[in-house]
Amino acid sequence: MNQHEGLRKALHWLLQQPAIDAGHIAEACRRFDLSPLDEIFLRDYFRPASPGGTEGNPQSDDLESN
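As the structure is a prediction and not an experimental result, all values here were calculated from the model.

**Student:** Just to check I follow, could you spell out the overall build of the protein for this structure?
**Tutor:** Counting secondary structure elements, the protein contains four helices and zero strands. Going from the N terminus to the C terminus, the protein shows its helices and strands as α-α-α-α. Burial statistics for the protein: of 66 residues in total, 27% are counted as buried. In the protein, of all internal contacts separated by at least 6 residues, the share reaching a separation of at least 24 is 37%. When the accessible surface of the protein is totalled, it reaches about 4,900 Å², and 52% of it is carbon and sulfur.

**Student:** How do you make sense of the packing of helix α2 (residues 22-31) against helix α3 (residues 36-45) when you look at a structure like this?
**Tutor:** For any two helices packed against each other, the geometry comes down to the angle between their axes and how far apart the axes lie. The geometry of α2 relative to α3 is characterised by a closest axis approach of 10 Å and an angle of 150 degrees between their N-to-C directions. Considering the angle they form, α2 stands roughly antiparallel to α3. In this structure, α2 meets α3 at a crossing whose hand is right-handed. Residues Ala22, Ile25, Ala26 and Cys29 of α2 form the contact with α3, whose own contacting residues are Glu39, Leu42 and Arg43.

**Student:** Sorry, what's going on with the nonpolar core here?
**Tutor:** Side chains that are nonpolar tend, in soluble globular proteins, to be buried together. Of all hydrophobic cores here, the largest spans twelve residues; its members are Leu7, Ala10, Leu11, Trp13, Leu14, Ile25, Ala28, Cys29, Leu34, Leu42, Tyr45 and Phe46. Those elements that provide at least two residues to this core are α1 (5-15), α2 and α3. Per-element tally for this core: the top contributor is α1, with five residues. Filtering out sequence-adjacent residues up to four positions away, Leu42 remains in contact with Leu7, Leu11, Leu14, Ile25, Cys29 and Leu34.

**Student:** I would appreciate a short explanation of the confidence of the model for the protein in the present structure.
**Tutor:** When pLDDT drops low, the exact placement of atoms in the prediction is not to be read closely. The predicted model of the protein averages 82 in pLDDT, with 71% of residues at 70 or higher. Confidence, expressed as mean pLDDT per element, reaches its minimum in the protein at helix α4 (residues 59-64) with 54 and its maximum at α2 with 96.

Conventions used here
Residues numbered from 1 in each chain as written. Predicted model: local features only at pLDDT ≥ 70, side-chain atom pairs only at ≥ 80, totals over all residues. Heavy atoms only, no water. Helix = DSSP H or I, 4+ residues; strand = E, 2+ residues; numbered from the N terminus. Buried < 20%, exposed > 50% of the residue type's maximum accessible area, 1.4 Å probe, protein only. Contact = heavy atoms within 4.5 Å. Areas by Shrake-Rupley, 256 points an atom, 1.4 Å probe, with all protein chains shown as cover. Axes fitted to C-alpha atoms, helices over the stretch in contact; angles between N-to-C directions. Parallel < 35°, antiparallel > 145°, perpendicular 65-115°, else oblique. Left-handed = near helix turned anticlockwise from the far one by under 90°. Core = buried A, V, L, I, M, F, W, Y, C linked by side-chain atoms within 4.5 Å. pLDDT = per-residue confidence, 0-100.

The structure is reproduced here in structure tokens:
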């Protein structure tokens, strides 16, 4: 498995979940044997928008197209 394959698979799995929260991110890290740095990346990536901002993370639309 290449260096980022686990992270790619975790992202794919997370995007299939009905909601993404800290529990789902922790589960993805266990399932795909991700590093603590990968977990920090996922938590930051899926952090909810700040109040007054747009709903959700616009980057997730980019991932679903792949």
